Amino acid sequence: MLLGCIADDITGATDLALMLAKSGMRTVQVMGVPDPTSDAFATVASFDAVVVALKSRTNPVAEAVDWSVRSCDALLAGGAQQIFFKYCSTFDSTPEGNIGPVADALSDKLASALAIVCPAFPANARSIYQGQLFVGEQLLSESPMKDHPLTPMRDASLVRVMAAQSQHAVGLVPFQTVAAGLDAVRSAFAELKTLGYRYAVTDAIENAHLMTLGAAIRDHTLITGGSGIAMGLAQNFEASGALTRTAPAKTFAAPTGATAILAGSCSAATRKQVAVAEAAGVPTFKVDPQGVARGEVTSQSVLAWAQSQLGATPVLIYSSDDPAKVGAIQSELGREAAGAMVEQLMADTARALVDAGVTRMIVAGGETSGAVAAGLDVSAIEIGPEIDPGVPWVRSLDARKLTLAFKSGNFGGDDFFLKSWSRLSDA
Ligand code: ADP
């Protein structure tokens, strides 16, 4: 292992893992704090980059710190030469954290003299100028993130936001310095270190800036940022001779078996994907949450429907519905309870389908994906080819080699459920 990463949510972890895979690093993603003494971890640690996916964005600070530090210990035990703490490109956090406290704990553990704070990802319209984070043309604090239900971001100054969460001084390496190139950035880092700063927010408004910063942090023990900055890390390991880049696969070997799609996202993109698949003749089963609540729709009843049609062409099981219907169920059962109930059904259904011979599956929805991964007992996944921006095929790192696509609700083109299979070849 060269690079060990700790991501504060699952879809963010996959986003980072895909970025690293595309940069030529063989990458694996692990769900939850890894156990470095387990047999499975030896296989995990043989990859160039390991991304630990936590759910530590909004849980209590002490728990987030504990999980992150234990993950860091495991990654170091596995041989990681550098640790990357990955958070969202919109710096999703609350006044308490968890970005600052987790970064502080990792910084102490790794004796990090200076770590960058760089959620910029210009290709995805996240840029930092004079320490201010922009989402497209809007300041973070004027973007829709200002009204996020869990992590409303009301200040675009990353220096201020990070300083409020951290115990340490936070400086800035402005655009002019980053644009001046590697030597200028290195001098700025040296100066900030001398002045006692523990963090440097780094401006970046185009990919070239991320590459310059990537080269400049070659010797940093800790990196903090979004997935964008990861594009500049492989160059360092390659230059030191530690990494021979592996071109990302265009197709992925998957065990032969039946195929299925589970959609628990109610986002506009997923509902369109369901409609397009249905129109193309994919057999569909619509999960009625009322029926689930009454005990009439169960994983076994869904399986009974699916069983006779399982084969090389997919079946589609979905609970996706329009906001009015979702709202009605939520007011009847409660928002959390309705979500948890449907997630449980999807997880149970996924398990039943795998028991019935499904080896290839697309799962739509972030929370739904987490529930299905847990239901299938998938604890580590190898990253394969990108299907659509941000969504790769992945394969469970166990004897089953389940080949899965975990799609965040809003991701993917309209024909995602139809075209994805062509990226798979028979193992
Ligand atoms: P996204 O990535 O689009 O946010 P998620 O899977 O993260 O998708 O979230 C969707 C949530 O909505 C899940 O908790 C899921 O169980 C729940 N859900 C799915 N279908 C319905 C429905 N018909 N009514 C109510 N809740 C639903």
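Participant: Can you walk me through the overall build of the protein chain in this structure?
Facilitator: The helix and strand inventory of the protein chain stands at 16 helices and 20 strands. Viewed in the frame of its principal axes, the protein chain has a C-alpha envelope of about 70 × 45 × 35 Å. Long-range contacts, defined here as pairs at least 24 residues apart, represent 74% of the contacts in the protein chain between residues at least 6 apart. Accessible surface, the protein chain as shown: approximately 16,700 Å² in total, 52% of it carbon and sulfur. For the protein chain, the separation between the mean place of its 31 positive charges and that of its 42 negative charges on side chains is 3 Å.

Participant: Honestly, the site of the ligand in this entry has me stumped. Any pointers?
Facilitator: Residues in contact with the ligand amount to 17 residues; listed here are only the nearest, S265, S319, E343, E367 and T368. With respect to the ligand, the backbone of G339 contributes an N or O atom lying 2.8 Å from an oxygen atom. In the model, an oxygen atom of the ligand is placed 2.7 Å from a nitrogen or oxygen of the E367 main chain. Within the complex, 82% of the 570 Å² of free accessible area of the ligand lies under protein. The set of elements that each furnish at least two residues to the shell around the ligand consists of helix 14 (335-355) and helix 15 (366-375). Counted by class, the shell around the ligand contains four nonpolar, 10 polar and three charged residues.

Participant: What is the right way to read the pattern of salt bridges from this model?
Facilitator: Close approach of charged atoms allows side chains of opposite charge to pair. Applying the stated criterion across every chain, the model contains 23 salt bridges. Notably, a salt bridge pairs D48 with R26, separated by 3.9 Å at the nearest N-O pair. With D48 in the loop between helix 2 (39-44) and strand 3 (49-53) and R26 in the loop between helix 1 (10-22) and strand 2 (27-31), this residue pair connects regions lying 22 residues apart in the sequence. Among the ionic pairs, D414 bridges to K272, the shortest N-O distance being 3.6 Å. Here the residue D414 occupies a position in the loop between strand 19 (403-407) and helix 16 (416-419), and K272 occupies one in helix 10 (residues 268-279), the gap between them amounting to 142 residues. Salt bridges sharing common partners tie together D8, D9, R57 and D92.

Participant: I'm lost on the sheet that holds strand 8 (residues 138-139) in this one. Help?
Facilitator: Either a parallel or an antiparallel arrangement is found when strands of a sheet pair, and the pairing is made through backbone hydrogen bonds. Strand order in the open sheet made by the three strands is 6-7-8, with antiparallel pairing throughout. Of all the strands in the sheet, just strand 6 (126-129) and strand 8 have a single pairing partner and so form its edges. As paired strands, strand 7 (residues 132-135) and strand 8 are joined by two bridges and run antiparallel to one another. Residue pairing for strand 8: V135 is matched across the bridge by Q138.

Participant: For this particular structure, what's the right way to read the nonpolar core?
Facilitator: The nonpolar side chains of soluble globular proteins are, as a tendency, buried together. Counting residues in each nonpolar core, the largest one holds 118 residues, and the members touching the most others are F91 and F189. Top element by residues in this core is helix 14. It accounts for eight residues. Each residue touching F91, except ones within four places of it in the same chain, is listed here: I99, V117, P119, L133, M153, L158, V161, M162 and Q165. Of all hydrophobic cores here, the second largest spans 19 residues; its members include F252, A277, V391 and A405.

Participant: Looking at this structure, how should I read the packing of helix 14 against helix 15?
Facilitator: When two helices pack together, their arrangement is given by the angle between the helix axes and the distance between those axes. Where helix 14 meets helix 15, the closest approach of the two axes is 8 Å, and the angle between their N-to-C directions is 45 degrees. By the angle between their directions, the pair helix 14 and helix 15 is classed as oblique. The hand of the helix 14/helix 15 crossing is right-handed. Note on element contacts: helix 15 touches helix 14 through E367, T368, A371, V372 and G375, opposite E343, M346, A347, A350 and R351. In terms of residue class, the contact of helix 14 with helix 15 is built from five nonpolar, two polar and three charged.

Participant: Honestly, the pairing of strand 10 (residues 199-202) in this entry has me stumped. Any pointers?
Facilitator: Along any regular strand the residues' side chains alternate between the sheet's two faces. Burial along strand 10 is two-sided: the residues Y199 and V201 and A200 and T202 are all buried. Here strand 5 (residues 115-118) runs beside strand 10; their pairing, made up of three bridges, is parallel. Within strand 10, the position partnered with V117 by the bridge is V201. Judged from the four bridges that link them, strand 9 (residues 170-173) and strand 10 form a sheet pairing that is parallel. Looking at the pairing, L172 lines up with V201 of strand 10.

Parameters and conventions
- Residues numbered from 1 in each chain as written.
- Predicted model: local features only at pLDDT ≥ 70, side-chain atom pairs only at ≥ 80, totals over all residues.
- Heavy atoms only, no water.
- Helix = DSSP H or I, 4+ residues; strand = E, 2+ residues; numbered from the N terminus.
- Contact = heavy atoms within 4.5 Å.
- Areas by Shrake-Rupley, 256 points an atom, 1.4 Å probe, with all protein chains shown as cover.
- Lys, Arg positive; Asp, Glu negative; His and termini not counted.
- Charge placed at Lys NZ, Arg CZ, Asp CG, Glu CD.
- Near = heavy atom within 4 Å.
- Polar contact = N/O pair within 3.5 Å; in protein donor to acceptor, adjacent residues only side chain to side chain.
- Nonpolar A, V, L, I, M, F, W, Y, C, P; charged D, E, K, R; others polar.
- Salt bridge = Lys/Arg side-chain N within 4 Å of Asp/Glu carboxyl O.
- Pairing = 2+ DSSP bridges.
- Core = buried A, V, L, I, M, F, W, Y, C linked by side-chain atoms within 4.5 Å.
- Buried < 20%, exposed > 50% of the residue type's maximum accessible area, 1.4 Å probe, protein only.
- Axes fitted to C-alpha atoms, helices over the stretch in contact; angles between N-to-C directions.
- Parallel < 35°, antiparallel > 145°, perpendicular 65-115°, else oblique.
- Left-handed = near helix turned anticlockwise from the far one by under 90°.

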